[in-house]
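# Chains, contacts and geometry: an overview
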Amino acid sequence: MKTGRLRIIVSGLIAQYPMGGVTWDYLQYVLGLARLGHDVYYLEDTGQWPYNPVAREVSSTADFSVHYLAGVMSDFGLADRWAYRFPWESRWFGLPDSQRRSVIESADLLVNVSCALQSPMEYRQARKMVYVDTDPVFTQIKLARGQKDFRQLIDAHDVHFSYGELLAEVGPATGHRWHPLRKPIVLSEWRPSMPYREAFTTVMNWTSYKNVEYQGQAYGQKDMEFMRFLELPREVSPTILEMAAGSGKTKQMPSELLIRKGWHMVDPMTVCPDLSTYRTYIESSKAEWTVAKNGYVLGRVGWFSGRTACYLAAGRPVVVQDTGFSPIIPTGEGVLAFRTLDEAIAGIKEVEGHYHRHAKAAREVAEGYFDSSKVLTRLIEESFQTDV
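Conventions and cut-offs
Residues numbered from 1 in each chain as written. Predicted model: local features only at pLDDT ≥ 70, side-chain atom pairs only at ≥ 80, totals over all residues. Heavy atoms only, no water. Helix = DSSP H or I, 4+ residues; strand = E, 2+ residues; numbered from the N terminus. Rg over C-alpha atoms; globule rule 2.2 N^0.38 Å. Buried < 20%, exposed > 50% of the residue type's maximum accessible area, 1.4 Å probe, protein only. Contact = heavy atoms within 4.5 Å. Areas by Shrake-Rupley, 256 points an atom, 1.4 Å probe, with all protein chains shown as cover. Lys, Arg positive; Asp, Glu negative; His and termini not counted. Charge placed at Lys NZ, Arg CZ, Asp CG, Glu CD. Pairing = 2+ DSSP bridges. Axes fitted to C-alpha atoms, helices over the stretch in contact; angles between N-to-C directions. Parallel < 35°, antiparallel > 145°, perpendicular 65-115°, else oblique. Left-handed = near helix turned anticlockwise from the far one by under 90°. Nonpolar A, V, L, I, M, F, W, Y, C, P; charged D, E, K, R; others polar. 1 Å grid on protein atoms, 1.4 Å probe; cavity = no way out; pocket = protein on both sides within 12 Å on 5 of 7 lines; lining within 4 Å. Points joined across faces, edges and corners; volume = space filled by probe spheres on them.

Attention shifts here to the overall build of the protein chain. When its secondary structure is counted, the protein chain shows 16 helices and 18 strands. Taken over C-alpha atoms, the radius of gyration comes to 20 Å for the protein chain, in line with the 21 Å a tight globule of 388 residues would show. Reported as C-alpha extents along the three principal axes, the dimensions of the protein chain are approximately 60 × 40 × 40 Å. Buried residues in the protein chain amount to 57% of all 388 residues. Across the protein chain, every contact between residues at least 6 apart in sequence was considered, and the portion connecting residues at least 24 apart equals 73%. Carbon and sulfur atoms form 49% of the exposed surface of the protein chain, whose accessible area is close to 15900 Å². Here the protein chain holds 43 positive side-chain charges and 45 negative ones, and the gap between their average locations is 1 Å.

Following this line, the structure appears as structure tokens:
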């Protein structure tokens with residue numbers, strides 16, 4: 001196994017979806033690896049036209065995405081360490097062509113998060129290629145159902161990690177060894193000392209894509225789970241439950257019904273559109289309450305939200321739907337898991353009744369289980385094991 005300072009490329013979706021939460025998902029890989037002392041670059045080559053969140057539509061130009069990505073990288077001292085390919089005429093931005101090619105050819109490790117690369121085989125010059133599955137259950141169903149094009153993308157990698165930490169126990173089998181991984185959080189970027197307001201919040205999409213069927217079972221999105229808890233605001237009043245929720249990509253969010261039932265609805269593009277405001281929104285919240293995708297709940301693979309981990313890092317307790325993570329993430333203090341409406345009610349009341357104890361425990365869970373230095377050191381070590 002190679003040790004010492006490595007040249008590492010991270011691939012993600014920052015320019016594809018230039019919004020606060022998405023940015024943190026991938027930026028914390030880059031920052032975390034850089035702060036471990038590695039020679040890190042960010043490269044994005046999705047082959048897709050980027051989304052412009054201000055216009056709320058897919059963009060025909062790269063202007064917004066390139067400006068956003070360049071600003072993020074510059075803010076963290078990475079101004080000369082990124083490259084982005086826009087689909088039109090395969091135009092590259094960021095690193096000069098010769099330097100970009102040199103970085104790829106000399107890379108010790110390429111970490112492809114969320115299968116962001118359109119053609120992973122174009123980057124096989126890297127010594128080791130790692131795939132990070134950020135959508136467990138749905139990823140494995142695609143493979144088990146025999147989607148050959150998708151399998152080719154996944155098989156192009158040497159090592160496979162997944163946020164479904166219990167996949168080895170619950171399947172479905174895909175022919176891959178799925179190393180358990182959780183989202184890395186750069187703890188120094190999250191500030192538990194910030195003042196908070198009296199609201200439990202979350203940031204979410206109502207739906208991300210259509211339901212998927214496998215062996216007669218439908219695996220759905222957050223909308224399916226959320227409706228089971230529709231009456232929750234009335235049951236925990238006067239506690240405020242607030243959602244910074246984007247409208248569904250496949251189903252319209254029933255905003256009027258949610259407001260009528262007591263949910264506080266805010267526009268994520270108003271309260272947390274970018275990196276800084278997203279962090280402020282989380283830090284200014286008292287706690288998080290949220291559901292998970294129906295597919296994660298049914299699959300019981302132990303998925304745990306990276307957004308929720310950011311709440312923990314900010315010293316904010318979380319009351320979150322159980323996806324089977326209880327054996328791997330401690331619950332009861334800081335993290336309160338629920339399956340039923342009664343358990344969700346009890347979790348919120350417990351946090352309200354013993355807030356400072358749960359806030360302290362939240363940060364401790366983040367330090368023990370999501371610290372980027374620990375998570376990413378493990379990723380590197382397992383990537384270079386000879387028996388993978």
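Let us now look at the sheet that holds strand β11 (residues 200–205). One open sheet holds the 6 strands; their spatial order is β15-β14-β11-β16-β17-β18, and the pairing between them is parallel. In this open sheet, the two edge strands, each paired with only one partner strand, are β15 (264–266) and β18 (335–338). Averaged over all pairs of adjacent strands, the angle between strand axes in this sheet comes to 30°, irrespective of strand direction. Judged from the 3 bridges that link them, strand β16 (residues 287–290) and strand β17 (residues 318–321) form a sheet pairing that is parallel. Within β17, the position partnered with Glu 288 by the bridge is Val 318.

What follows covers the packing of helix α1 (residues 20–35) against helix α2 (residues 63–75). Packing of α1 against α2 brings their axes to within 12 Å, and their N-to-C directions diverge by 50°. Classified by the angle between their axes, α1 and α2 sit oblique to one another. You can see that α1 and α2 cross each other, and the crossing is right-handed. Contact with α1, carried on its side by Gly 20, Thr 23 and Leu 27, involves Tyr 68, Val 72 and Met 73 of α2 and no other residues of that element. Residue classes in the contact of α1 with α2 are distributed as 4 nonpolar, 2 polar and no charged.

With that settled, consider the sheet that holds strand β9 (residues 159–162). Taken in spatial order, the 8 strands line up as β6-β5-β2-β1-β7-β8-β9-β10 in an open sheet, and their pairing is mixed. The sheet is open, and its two edges are formed by β6 (91–94) and β10 (178–180), each paired on a single side. Direction aside, the axes of adjacent strands within the sheet are offset by 25° on average. Looking at chain direction, strand β8 (residues 128–133) and β9 are connected through 4 bridges and run parallel. Counted as the bridge partner of Val 130 is Val 159 from β9. Packing of α2 onto the sheet brings it into contact with β2 (39–44), β5 (82–86) and β6, and relative to β5 it is tilted by some 170°.

Right, let's get into empty space enclosed by the protein. Evaluation of the coordinates by the stated rule reveals 4 cavities of 30 Å³ or more. One number sums up the size of the largest cavity: a volume of about 80 Å³. Looking at the largest cavity, the residues that line it are Thr 290, Val 291, Ala 292, Trp 303, Phe 304, Ser 305, Arg 307, Thr 308, Val 320, Gln 321 and Phe 325. Taken together, the elements giving at least two residues each to the lining of the largest cavity come down to α13 (306–313) and β17. Of the residues that constitute the lining of the largest cavity, the class distribution is 6 nonpolar, 4 polar and 1 charged.

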